[in-house]
Amino acid sequence: MRGIKRSCAFLLALCIIFTGCGKKAESKSETSETSETTTVSEIETTTSETSAKTEGSASYVDKLFTTDKVHTINIELSDEDWSDLKENPKSKTKYEANITIDGETLENVSFATKGNTSLSSVADDEDSDRYSFKVNFGKFTDGQTYYGLDKLYLNNIYADATYMKDYLSYRIFSEAGIESPLVSYVSLTVNGENAGLYIAIEEIGESYLARTANGEGELYKPETEQLDNINGGDMKLPDNMQQPPEEFDGSEAPESPSGQQGDNSDSTSSEDDRRGMTPPNGGEMPEKPNGQQFDGEMPQMPDGAEPPQGGGFGSADNGASLKYTDDDKESYSDIFDNSITDPDDSAEERVIATLKKLSEGDTEGALDTDSVIRYFAAHNFVMNYDSYTGNMFHNYYLYENSGKLSMLPWDYNLAFGAFMNQGGKSDDSSAFDSTTIVNYGIDTPLFGVENSDRPMWSWIAENDEYLEEYHEVFGELLENYFESGEFETEIEQLYNMILPYVEQDATAFYSADEFKTAYSTLKSFCLKRAESIRLQLDGKLSADSSEQNDGDKVDASDINIDDMGTQNFRDMKQHEFLTSDSADENQ
C-alpha cells in the first residue's frame with residue numbers, strides 16, 4: 001500500500017511538472033508571435049541588491065558596449081513631453097519614456113537632458129536640439145536595469161570635431177590599466193526622428209562598481225561649489241569677486257563674438273559685453289608681468305614658462321583638491337556633498353583620515369599607489385586641464401575602499417591640448433603653441449597650479465622611486481599601444497566605422513570635412529605626443545617643461561589644436577563662468 005501511494009505521488013508530481021513546462025513554452029511562444037522587438041520582460045531586470053556582482057555577469061558589457069559597430073537607440077516619449085523638453089531643456093525634467101536598444105525595448109525609463117555649457121549653448125541655438133541625455137532605467141520602475149546597467153549617458157559630442165576625444169581617452173586609460181567607464185557609438189533617434197551620432201557612456205556608479213569591484217567601496221565625484229553643480233544651487237564666488245547680475249543664471253556659457261563654435265578669431269567683445277562681471281581687486285584687471293594694465297587678453301609668456309598660479313575656480317577649495325585641512329567634515333563638502341554611493345559617517349571619516357595620512361607622508365597607507373600612478377600616466381598623456389591637474393577642481397571620481405583612495409577618469413571632451421590652447425596654430429605670439437603643448441613635460445604636468453596644491457599628484461613628483469614607477473607605466477603604454485601600431489589600427493578602424501554616420505548627421509556641430517581634418521589632427525597629435533614622451537623617458541628631452549630646449553622638441557607646428565574642436569573658452573576671460581558638462585552627473 002505504501003508503494004502504491006508513493007507511485008501515485010510520483011505520477012502526480014510528473015503531471016504537475018509537465019503541465020507547468022507546457023504553460024511556460026506556450027507563454028514564450030505568444031510573446032514571440034505578438035512582438036517584433038524584444039520587450040522588457042525578456043531583458044534582465046534586477047534590484048540594486050541583486051544586480052550583477054562580477055564582470056562576467058554584467059552582461060550589458062557584451063550588449064551595448066561592443067565597439068565593432070554603431071549601435072541603435074530609439075527613445076519614445078509623448079509628443080507633449082518631447083515638445084516640453086525642447087522648450088525647457090535647462091530644467092532637466094525627468095520624463096517617462098521607452099527606450100529601444102538594438103531592437104530590445106525597456107518601458108518606463110527616465111529620460112532627461114544633461115550638461116551645463118553644452119546644454120546652454122544648444123538651448124540658446126534656435127537651429128539645434130542636439131542635447132546630451134541621461135537615461136535612468138530604474139527611476140520609475142523599481143529594480144529595472146538593462147542587463148545590469150542602471151544608468152546611461154548619451155553624449156552629444158559637443159566641442160569635439162574628432163568625435164573621438166572621450167572614446168580615445170578612456171581607451172588610453174584602459175591600456176594604462178585603469179578600469180574606465182565603458183563607451184560605444186550609437187545612432188540615436190527620438191520618436192523615430194534621427195538625432196545624430198552619439199557616444200553612449202556607462203555611468204560610474206553602482207553598475208560600474210558591480211562590474212569592476214564586486215560592488216565594494218565608496219564613490220565620490222568632487223566638484224568645487226563654484227561650478228554650481230549641486231541641484232542648481234546659487235553659485236558662490238571668491239570673496240574678492242562680486243556676484244554676477246541677477247539675470248545671470250550661472251549655467252549659460254558666454255558666446256564667441258561670431259556666435260559660432262570653432263571661431264579662431266581674437267575676441268572683440270567690450271567690457272560691457274562680458275556678462276556684467278566685475279573683476280577682482282576693486283575693479284582693476286590683473287596686471288601683466290611687466291606691470292602693464294591687462295587689456296582683455298591673457299598675458300603672454302615665453303616658451304616653457306608656467307602659467308599664472310592659482311586663481312580661477314581653483315582659488316576656493318572645500319576638499320576637491322584632496323588637501324587635508326582638519327577633521328571637520330564641513331571642510332570637505334566638495335567631496336561629501338557629491339557622493340555617488342551612500343557612505344555613512346564612518347566612510348566619510350575614513351576619507352578624512354586617509355587624506356591626513358597622505359599629508360603626513362604615509363603614501364602606502366593612504367593610496368592605491370599603483371592605480372593612482374597609472375591614472376596620472378594616462379591623464380597626462382591626453383592632457384585634459386579641465387580637471388584636477390588644472391585649476392577647475394572637477395572631472396574625476398574619487399574611489400575609497402578599505403581606507404585607500406584612488407582616482408577614476410571622467411569628461412575628456414577638452415583633452416588633447418584644447419583647454420590650454422590659446423593661439424590655435426603655432427606662431428610666435430602664442431604662449432602655448434602646438435609644439436609646446438605636444439612636448440609638455442610629463443614630470444611637470446600641472447597647468448595653473450603648484451605641486452603643493454595637488455597632493456594626489458605631488459607624492460609622485462617628489463619621490464624618485466614613485467617617479468620611476470610612473471615612467472615605467474608610461475613606457476609600457478607607449479610600447480604596447482602606440483609604438484606597436486595598435487593605436488593607428490584602432491583609430492583608423494574607428495574612423496571608417498563612424499564616417500558614414502558623420503556624413504549623414506544633420507544635427508552635427510561640425511561638418512564631415514571638418515571631422516576628416518580633426519581626425520587627421522588627432523592622430524598626428526597622439527603620435528607626436530608619444531614620440532615626445534619617449535624622448536623624455538630616454539633623457540633626450542627634459543621631462544620638465546621649463547628645462548626643455550627647443551631644438552630637442554618634436555616639431556608640431558603643423559598641428560592646429562582648434563581643428564579638433566573648441567568650446568571657445570579663449571573668449572571666456574579669467575573671471576567669467578566656464579562650467580563643466582559633467583556638473584550634474586550625480587543627480
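Residues numbered from 1 in each chain as written. Predicted model: local features only at pLDDT ≥ 70, side-chain atom pairs only at ≥ 80, totals over all residues. Heavy atoms only, no water.

Describing the overall build of the protein chain
For the protein chain, the count of helices and strands is 14 helices and 10 strands. By the burial criterion, 54% of the 587 residues in the protein chain qualify as buried. Contacts spanning at least 24 positions in sequence make up 74% of the contacts within the protein chain whose residues lie at least 6 apart. (Helix = DSSP H or I, 4+ residues; strand = E, 2+ residues; numbered from the N terminus. Buried < 20%, exposed > 50% of the residue type's maximum accessible area, 1.4 Å probe, protein only. Contact = heavy atoms within 4.5 Å.)

Quick notes on the environment of Val502
Tracing the sequence through the fold places Val502 in helix H13 (residues 486–503). Sequence-wise, Val502 and Lys516 are 14 residues apart; in three dimensions their C-alpha atoms are separated by 9.7 Å. Here Val502 is in contact with Tyr163, Leu197, Ala512 and Phe515, once residues within four sequence places are set aside.

Thoughts on the packing of helix H4 (residues 165–175) against helix H12 (residues 464–482)
Packing of H4 against H12 brings their axes to within 10 Å, and their N-to-C directions diverge by 115°. Like other packed secondary-structure pairs, H4 and H12 cross with a definite hand, here right-handed. Note on element contacts: H12 touches H4 through Leu477, Tyr481 and Phe482, opposite Leu168, Arg171, Ile172 and Glu175. Residue composition of the contact of H4 with H12, by class: five nonpolar, no polar and two charged. (Axes fitted to C-alpha atoms, helices over the stretch in contact; angles between N-to-C directions. Left-handed = near helix turned anticlockwise from the far one by under 90°. Nonpolar A, V, L, I, M, F, W, Y, C, P; charged D, E, K, R; others polar.)

A word on the sheet that holds strand S8 (residues 218–220)
Strand pairing within a sheet occurs via backbone hydrogen bonds; the two strands may be parallel or antiparallel. One open sheet holds the three strands; their spatial order is S8-S9-S10, and the pairing between them is antiparallel. What marks the edges here is a single partner per strand, and that holds for S8 and strand S10 (404–409). Here the average twist between neighbouring strands, direction ignored, is 25°. Pairing between strand S9 (residues 396–401) and S10: six bridges, direction antiparallel. Across the sheet, residue Leu398 finds its bridge partner in S10, namely Met407. Against the sheet, helix H7 (residues 345–359) makes contact with S8, S9 and S10, and its axis sits at roughly 70° relative to S8, the strand it touches most. (Pairing = 2+ DSSP bridges.)

With respect to the sheet that holds strand S3 (residues 104–114)
If you walk around this closed barrel you meet the seven strands as S1-S2-S3-S4-S5-S7-S6, and the pairing is mixed. Mean inter-strand twist for the sheet, computed between neighbouring axes without regard to direction, equals 40°. Relative to strand S4 (residues 132–136), S3 is paired through five bridges, and the arrangement is antiparallel. Pairing of Ala112 across the sheet is with Lys134, part of S4. Across the sheet, helix H2 (residues 79–87) touches strand S2 (95–101), S3, S4 and strand S6 (183–190), and the angle it forms with S2 is around 105°.

Details of the confidence of the model for the protein chain
Here the protein chain averages 79 in pLDDT, while 69% of its residues score no lower than 70. Contacts of residues 422–431 to residues separated by more than four positions or lying in other chains number 23 contacts, the stretch itself having pLDDT below 50. Residue range residues 582–587 is modelled with pLDDT below 50. Its contacts to residues more than four positions away, or to other chains, number 28 contacts. (pLDDT = per-residue confidence, 0-100.)

Here's the deal with the packing of helix H9 (residues 369–382) against H12
Orientation of H9 relative to H12, taken along the N-to-C sense of each, is 55°, at an axis distance of 9 Å. With respect to H12, the element H9 is oriented oblique. The two elements H9 and H12 meet at a crossing, and its hand is right-handed. In contact with Thr369, Ile373, Arg374, Phe376, Ala377, Asn380 and Phe381 of H9, H12 contributes Tyr466, Glu469, Tyr470, Val473, Phe474, Glu476, Leu478 and Phe482. For the contact of H9 with H12, the class distribution of residues is 10 nonpolar, two polar and three charged. (Parallel < 35°, antiparallel > 145°, perpendicular 65-115°, else oblique.)

Remarks on the pattern of salt bridges
As enumerated under the stated definition, the model contains 20 salt bridges in all. Arg211 is the salt-bridge partner of Glu202, the closest N and O atoms lying 2.9 Å from each other. Here Glu202 and Arg211 have matching classes, each one buried. Close ionic contact of Glu503 with Lys516 constitutes a salt bridge, the shortest N to O distance being 3.9 Å. Of this pair, Glu503 sits in helix H13 while Lys516 sits in helix H14 (residues 512–537); the two residues are 13 residues apart in sequence, bridging distant segments of the chain. When its relative accessible area of 30% is taken as the criterion, Lys516 is described as partly exposed. If you follow the salt bridges from partner to partner, you end up with Arg171, Glu175, Glu486 and Glu490 in one network. (Salt bridge = Lys/Arg side-chain N within 4 Å of Asp/Glu carboxyl O.)

A closer look at the side chain of Gln548
Within the element layout of this structure, Gln548 appears in the segment after H14. Look at Gln548 and you get buried, because its relative accessible area is 11%. Within the local environment of Gln548, its side chain forms a polar contact with the backbone oxygen of Asn439, the two atoms lying 2.7 Å apart. Those residues within four positions of Gln548 in sequence are excluded, and the remaining contacts are Asn439, Tyr440, Gly441, Gln536, Leu541, Ser542 and Lys553. (Polar contact = N/O pair within 3.5 Å; in protein donor to acceptor, adjacent residues only side chain to side chain.)

Re H12
Compared with the 27 Å implied by 1.5 Å per residue over 19 residues, the 26 Å span of H12 between its first and last C-alpha is a close match. All of the buried residues along H12 are Tyr466, Leu467, Tyr470, His471, Val473, Phe474, Gly475, Leu477, Leu478, Tyr481 and Phe482. Where H12 is buried, its residues contact H4, helix H8 (363–366), H9, helix H11 (455–461), H13 and H14. One side-chain oxygen at the N-terminal end of H12 lies 2.9 Å from the backbone nitrogen of Glu465; it belongs to Asn463. (Expected span 1.5 Å × (residues − 1).)

Re the pairing of S3
The buried count for S3 comes to nine of 11 residues, which makes it a mostly enclosed element. The pairing of S2 with S3 spans six bridges and is antiparallel. Bridging across to S3, Ile101 finds its partner in Glu104. Counting the residues in the hairpin turn of S2 and S3 gives two residues, including Asp102, whose phi is positive at 50°.

Brief notes about the pairing of S10
The side chains of a regular strand alternate, residue by residue, between the two faces of the sheet. Counted residue by residue, S10 has five buried out of six residues, so it is predominantly covered. The antiparallel pairing of S9 with S10 creates a hairpin that spans two residues between the two strands, and Ser402 there sits at a positive phi of about 55°.

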